[in-house]
Amino acid sequence: MESTMRTSYAKEDVCFLLKDITGLVEPLPSKEREKLIQKGMHYCEMLPIEYEPGKAYMEAYDKALESYAGAVARAVGVLADKIIDRKGRDVVLVSLARAGTPIGILLKRCLQRKYGYSVRHYSISIIRGRGIDQNAMAYLLARYEPRQLQFVDGWIGKGAILEELSLALRPYSGVSQELGVVADPAHATGLCGTHEDLLIPSSCLNCTVSGLISRTFLREDIIGEHDFHGAVYYENLKDKDLSYDFIDAIEKEFRFVREEDFAQEKCFVSEEDFVRDGEEQYGSGENPGMCEVKALAEKFGVENIYLIKPGIGETTRVLLRRVPWKVFIDPRYLHDPAVAHIIRLARDKNVPVEEHPLLHYKICGIIETMADT
């Protein structure tokens, strides 16, 4: 079984193990889609209409890319070093489509230029509540040793997809359940570039910075028993495609030295403060990000923690794809350029932005409970 997925990425950068379902699914407006999700329909059975940002938002994106390309490049370098330390030169990168795809490409290029290793990179689907694409896993394991596979993504919000991946990989003996990410403000993994709530500019856009593909899709009337999970190719947006603008901007900032100092950066509180605050406020047994999310849910009466999306990347996606209730921003970061695009989006969509102290994140988005609207 081979992939049929079209994309604006070059074949040498990534192989998508996805089924091209272009023209088979009608995208839905955010509000209609949100109502269906909250009534019980799974998000993977629908596709959102791709948000096309206006001029002011794109200016904010361009500024974010200019300001944070260096920090992202350093974090990618840290992650590349850690992956080589764990896996060696025969590693096979497996990114989680689609947010992880540009990160996989950057890691592939970094490993080539920094170590001289030419590694393979695949991008496959994992869906919260539905698991990993088992046909894609069968494809990979027919070609590579389990120990070679290294899963990568862009960032960790509260750690839900990390838990999903860990659960999904348990049946696959020898496959590491460790997920490599550029930014992990939840402090959920050691395999990360930084624990800072770092702005990864690719989070600011949808398909136009992800090879012109949609988020992944799974519905039995379209995805057969032996098919890969599906995605749509947005050929109509090819004149707005910035996928390689993003890759090139980060790659220009690569530094080919060991990046341990950057990797040791703390987030916004010391480890001692976190342990004390965690014991007093949250208890133990879960990653710090999930603990903070549960505390926010209790404080603001949010019954479903999956409606709370902490961190820059997740908050951005709430505003791009979901129906936001409000955005909380830590007062220390009101004027931080890393959140400027979020504030712009919130203003455009009439979403209130309120100050609220956060321990591990700069900002947090909360999805509206549609039953109350």
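A few points on the structure.

The rules we used
- Residues numbered from 1 in each chain as written.
- Predicted model: local features only at pLDDT ≥ 70, side-chain atom pairs only at ≥ 80, totals over all residues.
- Heavy atoms only, no water.
- Buried < 20%, exposed > 50% of the residue type's maximum accessible area, 1.4 Å probe, protein only.
- Helix = DSSP H or I, 4+ residues; strand = E, 2+ residues; numbered from the N terminus.
- Pairing = 2+ DSSP bridges.
- Axes fitted to C-alpha atoms, helices over the stretch in contact; angles between N-to-C directions.
- Contact = heavy atoms within 4.5 Å.

### What to know about the pairing of strand S14 (residues 363–367)
On a regular strand, one side chain projects to one face of the sheet and the next to the other, so that they alternate. Across the five residues that make up S14, a large majority, five, are buried. Here S14 shows a buried face lined by Ile363, Gly365 and Ile367 and a second buried face lined by Cys364 and Ile366. In this sheet, S14 lies alongside strand S11 (residues 308–310) in antiparallel orientation, the contact comprising three bridges. Paired with Lys309 across the bridge in S14 is Gly365. Judged from the five bridges that link them, strand S12 (residues 324–329) and S14 form a sheet pairing that is antiparallel. The residue bridging Lys326 from the neighbouring strand is Ile366, located in S14.

### Description of the sheet that holds S12
Taken together, four strands build an open sheet; the order of strands is S11-S14-S12-S13 and the sheet is mixed. Edge strands, defined here as strands with exactly one partner in the open sheet, are S11 and strand S13 (353–355). The mean angle between the axes of side-by-side strands here comes to 25°, regardless of whether they run parallel or antiparallel. Sitting on the sheet, helix H9 (residues 288–300) touches S11, S12 and S14, and the angle it makes with S11 is about 135°.

### Some words on the sheet that holds strand S9 (residues 192–194)
Sheets are built from strands that pair by backbone hydrogen bonding, the pairs being arranged parallel or antiparallel. Taken together, six strands build an open sheet; the order of strands is S1-S4-S3-S7-S8-S9 and the sheet is parallel. Taken across any chain shown, the strands that pair with only one partner, and hence form the sheet edges, are strand S1 (15–16) and S9. As defined by bridge partners, strand S3 (residues 92–96) adjoins strand S7 (residues 149–155) across four bridges and the pair is classed as parallel. Paired with Val94 across the two strands is Phe151, which belongs to S7.

By themselves these figures say nothing about function.
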